[in-house]
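Breakdown of the fold
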Amino acid sequence: MLKEGVFLGKRYEILGRVGSGGMADVYKGKDHKLNRYVAIKVLKSDYRTDEVFIQKFLSEAQAAAGLMHPNVVNVYDVGQDRGLYYMVMELVEGITLKEYIEKKGRLTAKETISISIQMVTGIQAAHNQHIIHRDIKPQNIIISKEGKVKVTDFGIARATTSTKTISSSVMGSVHYTSPEQARGGIVDEKSDIYSAGITMYEMVTGHVPFDGDSTVAVAIKHLQEEIVSPAEEVPDIPYSLECIIMKCTQKNPERRYPNCQALILDLKRSLVSPDGEFVNMSLYSNDTTETVMMTPEELERIQGRGYNDDDEYDDDYDDDYDDDYDSDDYDDDYDYDYDDDDEDYEGGGDYEADRKKKSDVDPNTKKIMKILMIVAAVIIAFIIIFAVGKAAGMFKNGTGTTQTETTTKVKVPDVRGMTVDEATTTLSKKKLGIKIAKQEASDTYEKGTIIRQDPEGDSKVDKNTEVRVVVSTGKEIKTVQVPDVSGKDENSAQKALEAKNLVVEFKSEYNDSVDEGKVISTDPAAGTEVKEGTTVTMIVSQGAEKATVPTLVGLSQEDADAALAAAGLVTGSVTEDYSDQYEAGIVMSQKTKENKKVNKGTTVDYVVSKGPKVEKVSVPGLGNMTYDMAMQALSDRGLVGNGTEEYSNVTVGYVVSQSAPEGTMLEKGSTVNFVISLGPKPSEVPENPDNGNGDGGNSDYTEGQ
């Protein structure tokens, strides 16, 4: 499964998977060259080395590429990139007809006709390009959100010319396959008309006409059982629509519509005249029994074809393409593209009387008459053969018998070197069957071609004999050693691997030691012995893993350092600055922007707040000042004073010292401590000192305190 963001062909971006089918995944993508959304079908990895599936995938693209029509899912491009095979198609947002039928149970006649007109118009566009779809079914019909009906999935389509069709053993979905396709016979435009008729039958009734315990049982019913008229289950179905469905689903191709144009014309008439008798139910042709009766050899061949639902090339939109769309949007909002002025009509009324228009003969009587006509034809044929043989003398002696026997013999063509499809066509012309006995390697015959056959070419055998063939699987697979491409650039490594006939896939991952764009390793590892065609995953370096710079602003310095370490980054230069917004100690800015992708180990600088910026003032000198004078001087500067006392030889009451020297710059509001002198210590003062005041040495400052 491809990851989102991967580019194919340097043009188409993968946006996500929208569906998965039998051999391919479907992704929604964007075409950056034309700036439009597209659907991209990518061949699954299981089939990328199988040339048969690759050819089948490319054939679908080639078959559908020439179809540019509003009722066909258009194919824009096909290519190969790094071992991936992809097809770019129109992106249709909608649901499949199968889902719409399942949701509603059964559709109204008007809905059925309107959807069928668009569906058959899309099929006609393919037929005009000489392309037979071969897998028409509701799963391959998409109804867009605007009500546009589109035919998709030309996975088993085959090209043809105007004069010759191509027979193939490839089967579509068995519930919708035509008798001639189930029989392995020639498939042409009328086979698609049969499948369209089965699809219309399911729209009207809500189910397919034939079902069984196995796909083989269903295929045999298509060959041998008559389809029950939808009118027996849906009595109010318009007569014309019933006839259209029954004509489309005739077992004899000659009794069906000759082409899509005639079918579209009757569908449009049915809108205007629901109960009209304009549908021409042609008579049986002379070879009626050809598509009904089977020889035991043919029955054995059908049972041995190994139909398996899992092997069908299912529509790649089936699985989950519609999960994002609400199917309720599709109830009654169609915008059909037909031009007829159709009138509304209602079922019911005296419908039993109208039904008598269909046939004046009882159905059982019809069957008896048919059987009698066949028996009469056989008897007449025997009489003619006997008369001719008798006239020619064939019954007169034994040699006549020998001549009769030899007329049933056919010469076996030499089909060696042909593909199975080509051999099937060649043998069917001789009324011979084909069965693949086994497959084996061959250096002489290309893969998918026939090596030998039994009976051998040019031998004579009875008609309807089964020719057993051995099919080549190509040259014997050789083994090679995976080369060591580590350290090489992506392109050089891819070429080295492909030179060994290996299929290359890519995977990217971060690596600290290998430069971006260089190969880290391969899986299987270098030196491993593998078969040619093995898928080797090449692991390419995306360089060192990037780290995301965290948001540091608002964190404390400790938390900022922890956040950087957790991201694999290193704390760089840390500076401080004033900030009116952030408290002191909080990161106020960072040099490298947050969420930026950088290499691991990168240093990140940031700035821590010192808080709001405060005005500073000069400290005054307090010497020769008293306590009151010092306090006033500090207050005048916006500072706070704090005085203490101690003994000193300085005059009592005067400042001895201050904590901040004169001229020091301090923030306003700062505290400045200073010391007031108490004079000399008492032990140092003479008894009864006389300071000239006659007060016995008492200080005025002390008294003032």
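Residues numbered from 1 in each chain as written. Predicted model: local features only at pLDDT ≥ 70, side-chain atom pairs only at ≥ 80, totals over all residues. Heavy atoms only, no water.

In the nomenclature of an unreviewed UniProt entry, the chain is known as non-specific serine/threonine protein kinase of Faecalicatena orotica.

The subject of this paragraph is the overall build of the chain. A tally of helices and strands in the chain yields 17 helices and 31 strands. Relative to all contacts within the chain whose residues are 6 or more apart in sequence, the contacts with residues 24 or more apart total 70%. (Helix = DSSP H or I, 4+ residues; strand = E, 2+ residues; numbered from the N terminus. Contact = heavy atoms within 4.5 Å.)

Counting residues in each nonpolar core, the largest one holds 74 residues, and the members touching the most others are Met-200 and Leu-263. Here this core takes 9 residues from helix 3 (residues 109–128), the largest share from any one element. Here this core spans two domains, and each of domain 1 (1–91) and domain 2 (94–156 + 173–281) adds at least three residues to it. What Leu-263 contacts, discounting residues up to four positions off in sequence, is Val-120, Ile-193, Met-200, Ile-244, Cys-248 and Tyr-257. (Core = buried A, V, L, I, M, F, W, Y, C linked by side-chain atoms within 4.5 Å. Buried < 20%, exposed > 50% of the residue type's maximum accessible area, 1.4 Å probe, protein only. Domains from an automatic or database assignment.)

What follows concerns the environment of Ile-245. Within the element layout of this structure, Ile-245 appears in helix 7 (residues 239–248). Relative accessible area serves as the criterion here: at 0%, Ile-245 is assigned to the buried category. C-alpha of Ile-245 to C-alpha of Gly-197: the two residues are 48 residues apart in sequence and 5.2 Å apart in space. When residues no more than four places from it in sequence are discounted, the contact partners of Ile-245 are Gly-197, Met-200, Tyr-201, Val-204, Pro-230 and Ile-237.

Before going further, it helps to examine the pattern of salt bridges. Counted by the stated rule, this structure contains 18 salt bridges. Across the pair Lys-150 and Glu-90 runs a salt bridge, and its minimum N-O distance is 3.0 Å. Residue Lys-150 is located in strand 10 (residues 149–151), and its partner Glu-90 is located in strand 6 (residues 84–90); the two are separated by 60 residues in the primary sequence. The class of Lys-150 is buried, set by a relative accessible area of 8%. (Salt bridge = Lys/Arg side-chain N within 4 Å of Asp/Glu carboxyl O.)

This next bit is on the sheet that holds strand 14 (residues 450–454). Working definition: the strands of a sheet are paired by backbone hydrogen bonds and lie parallel or antiparallel to each other. A sheet is described by the order of its strands in space; here 3 strands give the open sequence 13-16-14, paired in mixed fashion. If you trace the sheet from one side to the other, it starts and ends with strand 13 (433–440) and strand 14, each paired once. Adjacent strand axes in the sheet meet at a mean angle of 25°, parallel and antiparallel pairs treated alike. Sheet topology note: the strand 14/strand 16 (residues 466–472) ladder contains 4 bridges and is antiparallel. What sits directly across from Asp-454, in strand 16, is Arg-468. (Pairing = 2+ DSSP bridges. Axes fitted to C-alpha atoms, helices over the stretch in contact; angles between N-to-C directions.)

Turning next to the packing of helix 7 against helix 8 (residues 260–272). One way to put it is that helix 7 packs onto helix 8 with a least axis distance of 9 Å and a crossing angle of 160°. By the criterion of interaxial angle, the relationship of helix 7 to helix 8 is roughly antiparallel. Note on packing geometry: the crossing formed by helix 7 with helix 8 is left-handed. Residues Ser-240, Leu-241, Ile-244 and Cys-248 of helix 7 touch helix 8, and the partners they reach there are Leu-263, Asp-266, Leu-267 and Ser-270. Residues that form the contact of helix 7 with helix 8 fall into these classes: 5 nonpolar, 2 polar and 1 charged. (Parallel < 35°, antiparallel > 145°, perpendicular 65-115°, else oblique. Left-handed = near helix turned anticlockwise from the far one by under 90°. Nonpolar A, V, L, I, M, F, W, Y, C, P; charged D, E, K, R; others polar.)

On inspection of all chains with the given rule, the structure shows 2 aromatic pairs. An angle of 65° between the planes, with centres 6.1 Å apart, marks the rings of Tyr-12 and Tyr-86 as edge-to-face. A residue pair is termed long-range when its members are at least 10 positions apart, and Tyr-12 in strand 2 (residues 12–20) and Tyr-86 in strand 6 qualify at 74 residues. An identical accessibility class is assigned to Tyr-12 and Tyr-86; each is buried. Ring geometry for Tyr-627 against Phe-674: centres 5.8 Å apart, planes inclined by 50°, an arrangement best described as tilted. With Tyr-627 in helix 16 (residues 627–636) and Phe-674 in strand 31 (residues 671–677), the pair connects residues that are 47 residues apart, well separated along the chain. (Phe/Tyr/Trp six-rings, centres within 6.5 Å; stacked < 30°, edge-to-face > 60°.)

Bringing unusual backbone geometry into the picture now. The residue after Asp-454, namely Pro-455, is reached through a cis peptide bond having omega 5°. Of the consecutive residues Asp-523 and Pro-524, the connecting peptide bond is found in the cis state with omega at 5°. One non-glycine residue, Asn-35, lies in the positive phi region at around 55°. As for its position among the elements, Asn-35 is in the loop between strand 3 (24–31) and strand 4 (36–43). Notably, Arg-82 is not glycine yet its phi reads approximately 55°, a positive angle. Locating Arg-82 in the fold gives a position in the loop between strand 5 (75–81) and strand 6.

To continue, consider a nonpolar patch on the surface. Together, Ile-371, Val-375, Ile-379 and Ile-383 make up an exposed nonpolar region whose accessible area comes to about 370 Å². As for its position among the elements, Ile-383 is in helix 11 (residues 363–391). The class for Ile-383 is exposed, based on a relative accessible area of 55%. (Patch = residues over 30% accessible without salt bridge, like charges linked within 9 Å, V, L, I, M, F, W, Y side chains within 5 Å. Areas by Shrake-Rupley, 256 points an atom, 1.4 Å probe, with all protein chains shown as cover.)

This next bit is on helix 3. An ideal rise of 1.5 Å per residue puts 28 Å on 20 residues; helix 3 measures up with 28 Å between its terminal C-alpha atoms. Of all 20 residues in helix 3, 18 are buried; the element is thus mostly enclosed. (Expected span 1.5 Å × (residues − 1).)

Moving on to the environment of Ser-521. Looking at the element boundaries, Ser-521 is found in strand 19 (residues 519–523). As for Ser-521 and Gly-487, which are separated by 34 residues in sequence, their C-alpha atoms are 8.2 Å apart. Residue contacts for Ser-521: discarding those within four places in its chain leaves Thr-537, Met-538 and Ile-539.

On to the confidence of the model for the chain, then. In the predicted model, the chain carries a mean pLDDT of 80, and 78% of its residues have values of at least 70. In this model, residues 283–292 is a region of pLDDT below 50 whose contacts with residues beyond four sequence positions or in other chains number 18 contacts. A low-confidence stretch, residues 306–363 stays under pLDDT 50, and its non-local contacts, those more than four residues away or across chains, total 147 contacts. (pLDDT = per-residue confidence, 0-100.)

It is the contact of helix 3 with helix 5 (residues 189–205), at a shortest axis distance of 11 Å, that shows an interaxial angle of 165°. The orientation of helix 3 relative to helix 5 falls into the category roughly antiparallel. Classified by chirality, the crossing of helix 5 by helix 3 is right-handed. Of the residues in helix 5, those in contact with Thr-112, Ile-115, Ser-116, Met-119, Ile-123 and His-127 of helix 3 are Glu-189, Asp-192, Ala-196, Thr-199, Met-200, Met-203 and Val-204. For the contact of helix 3 with helix 5, the class distribution of residues is 7 nonpolar, 4 polar and 2 charged.

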